[in-house]
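Descriptive structure summary
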Amino acid sequence: MHILKFIISLTLSILFIWALNRPWTIVKNDKPSEIPPLGKLLSPSDGFWQNAESKIPDFSSSVYADYLTAPVSVQYDDRMVPHIFAENLKDAAFVQGYVTASLRLWQMEFQTHAAAGRVSELIGHINPRAILFDKKKRREGMPWGAKKTLEYWQSNPDVKNIIDNYSAGINAYISSLSYADYPIEYKLLNYAPEKWTTLKCALLLKSMAETLVKRDEDFELTNAYKLLGETKFNQLYPEYFLEQSPIIQDTVTVLQAKVLKDSAMPPFLSDAFHAPQGPKPPKGIGSNNWAVSGRKTASGNPILCNDPHLELNLPSIWFEIQVKTPDFNAYGASLPGAPGIISGFNENIAWGVTNVSHDVRDWYAIQWKDASRQEYFFDSTYVKAEHVLDTIYVRGGQPVIDTIIYTKMGPIAYSEGGTDYALRWMLHEPSMEPLTFIKLLKGKNYNDYQDAIQHFSCPAQNLVFACKDGDIALWTQGKLPVRRKNQGKFVAAGTSSQNMWQAYIPQEHIPHEHNPEKGFVASANQHSIDPALYPYYYYGYFEEYRGRYLNRKLAEMSEIKVQDMKDLQNDNYSVRAEDFMPLFLKYLQRGSLSKEELEILALVDKWDYQYDKTSKAPSVFDAWMNAIFPTMYDEIDILNEQNALSGQQALIYPYEWQLLNVLKRDTAHFIVDNEHTSNKKESVEDIVTMAFQKACIDINRDTVSNEPRNWRDQKNTFIQHLGRIAPFSVDNVDIGGDGSALNAVRHRTGPSWRMVVELGDTINAYGIYPGGQSGNPGSPYYTSMMDKWASGKYNTLVFMQSAEDSKEKIIHSQSFNK
């Protein structure tokens, strides 16, 4: 009997241990989810308890690496910013890779898995949509472009050495890990980090480029052209507007450039088609940057400012770092997964970035010879396509074999209605962006800046510059195609090389300013230059408001101090509201409003156009703007319905500046009517009033008072964990701002890094981002800067001259030895 009890007890114990050390899949509402091995996860010695940090992350104070040529010292300040002191750039790159991985490893690997179309390897067993995601990434050419770029990097010894050493540093850290050391996401998702490759550095930079150059509206605009006709299309979708205040203004040089003189490029007019499915890049992807000359500052020193607006995630997009060698001393924001500093400064110069926003993503309709899709018609003959078998590995399942088809235009990335569409995207091109940032680290003057930026191709960026010798400059830098008129706006026929990009704008013809008379340079994703002053046709997706306000304020200012620049970055004033509210109030038929509607109107009637977090006026205006588009442009919705395209983004509403033009100058425009009403033809007054009444119904209300929500609660800024793990995210951040204000905070996007640098004999630098240096949700450094960022405050950046400086700020030291 005792033996039987022992056998039963032993069997149950073995089964219990087995159960605790294997993952379990649970299906609820047809949706599988996985529970990781609870024995490992809950283990006090190895499990998630090890991810709870009290103060300083648990990493070794001494590291030994054969890659190094000399000792390297790293000093961590009280915000966990590493300050690297190395004898050369190669050693510095190795240590940058190591220290970045020690604080951000899971983020780095997850982002590059996504860019490579490898998410199915992580979650394919619980999320079948991962396979579709991976197919889309691969068919659109992300890994293809990254592989070509890596080959290009390897042709440059300086870049190759830096990328190799940076990757070796990451791998040195990975090889030091046990399960207990893994970031918590690995434990929750039950997988281990893999070896880092140099390809992942290329994928990381291509991923950032995708964020900034993914927008296109070729299908939607082609549909609109077909269904509306050329005349009405041009009235509804103009490319430029009178209020625009472009980036390059008072130093424009008239170029005697040889440009394409062909007639406008026609769209491919087949039957109306759906747009490719998938989310468009969120509104708010953009940035501000500017530099003011010492002639406009109180100190006589130039000041440079930068705040890139991106999707706000945790772990944070940026990683602060300082790197010092005998050749340079630089500080700024780096991207985890890539060496160098993207937005920062050294002892002589400062630089920053905003998105140029030109369209560099074109679609071509392919005409196949037959159903086999082996040959396609091109330049009066049939050309053989390249078919490549591609394997998508799926965790817990069978591999998926896909076929990627390549044409002269690019890969087939979308198919619909029996037609295949090839994608031509600048992201596919090999590019040398790391060389730009390697050279900027060492830059001393304007000539060095010019030499560095010429290597920057994609995503095209407004690269702002300031130097302590007094120079300021801005180039709309990138590899930009020379286009015929309308090229890139519509889907094109893929049957002729004449429809392809023929050349690129020469470097010397890229719009730029150097020490302009106005005393500043500035960009906020608006038009690069007035098209009437520039011989090259360009098309894109430009911001309508922030650039106008920024140019206005900088022109007005004098005796500028650093605090003035901080205040400007956090300015909540909206030119969008300034444009529309007076017109709305002018045309509103107050006599048609109910008592409740008048009470809501009172909230916005005397508004100062500030998107302050406690104000209710922005919520009312936002609802009004949302309501006026379907009211004014109901014909667009009707065309969608008539062509069975509803819900597929087949047609888009015109841009806001077109609506402004109608309300301001053209109230007899054909669009001013509402087809859903009776035979009466509505006036602008009717449209504005109907939109306000709809807004009063649709507006979100406070659950207690039943009044419109304040702007913070309405906007509900949400900073989401990359893995969409809710407890690791931050909801309803206490902040105002709007995409139309310089403080461009929206629901999911906003200033991902704010930097202000005054360049003189002493560097005065300030910065902040929404999050913290650590990627570990259990660390006090995970969201340590969030509240300070939301309140508009800054950290003084500790710009050390030696490893012995600022000892009062240093909380941990690390030495790297050969």
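**Description of the environment of I162**
Mapped onto the elements, I162 comes out in helix α7 (residues 157–175). Taking C-alpha positions, I162 is 8.9 Å from P434, a pair spaced 272 residues apart along the chain.

**A closer look at the packing of helix α18 (residues 617–632) against helix α20 (residues 656–665)**
In the contact formed by α18 and α20, the axes pass within 12 Å of each other and the chain directions differ by 75 degrees. Overall, the two elements α18 and α20 adopt an arrangement that is roughly perpendicular. Along the contact surface, α18 presents M625, I628, F629 and M632, while α20 presents E656, L659, V662 and L663. Considering only residue class, the contact of α18 with α20 consists of 7 nonpolar, no polar and 1 charged.

**Examining the nonpolar core**
Counting residues in hydrophobic clusters, the biggest one holds 248 residues, and the most contacted among them are M565 and W624. The greatest single-element share of this core, amounting to 16 residues, is contributed by helix α3 (residues 89–116). Ranked by size, the runner-up nonpolar core spans 5 residues in total, among them F85, V798, M800 and I810.

**Focus on unusual backbone geometry**
The linkage connecting L314 with the following residue, P315, adopts the cis geometry, with an omega of -10 degrees. Tracing the backbone shows P315 in the loop between β8 (313–314) and β9 (319–325).

**Notes on helix α10 (residues 218–228)**
Along an α-helix, residues three or four positions apart point the same way, because every turn accommodates 3.6 residues. By the criterion of burial, α10 is predominantly enclosed, with 9 of the 11 residues buried. Along α10, the residues that are buried comprise D218, F219, E220, L221, T222, N223, A224, Y225 and L228. Summarising the contacts, the buried residues of α10 are in contact with α11 (230–236), β13 (361–366), β18 (412–416), β19 (419–425) and α19 (634–642). Directly beyond the C-terminal end of α10, a positive phi value near 90 degrees is found at G229.

**With respect to the pattern of salt bridges**
Evaluated as defined, the whole model comprises 39 salt bridges. Here E243 ties to K664 by a salt bridge, and the two come within 3.0 Å at their closest N and O atoms. Note that E243 is positioned in the loop between α11 and β6 (286–292) and K664 in helix α20, a separation of 421 residues in sequence. With a relative accessible area of 15%, E243 lands in the buried category. Residue classification places K664 among the partly exposed positions, given a relative accessible area of 44%. Salt bridges sharing partners connect three or more residues here, namely E109, R118, E121, E194 and K200.

The rules behind these values
Residues numbered from 1 in each chain as written. Predicted model: local features only at pLDDT ≥ 70, side-chain atom pairs only at ≥ 80, totals over all residues. Heavy atoms only, no water. Helix = DSSP H or I, 4+ residues; strand = E, 2+ residues; numbered from the N terminus. Axes fitted to C-alpha atoms, helices over the stretch in contact; angles between N-to-C directions. Parallel < 35°, antiparallel > 145°, perpendicular 65-115°, else oblique. Contact = heavy atoms within 4.5 Å. Nonpolar A, V, L, I, M, F, W, Y, C, P; charged D, E, K, R; others polar. Core = buried A, V, L, I, M, F, W, Y, C linked by side-chain atoms within 4.5 Å. Buried < 20%, exposed > 50% of the residue type's maximum accessible area, 1.4 Å probe, protein only. Salt bridge = Lys/Arg side-chain N within 4 Å of Asp/Glu carboxyl O.

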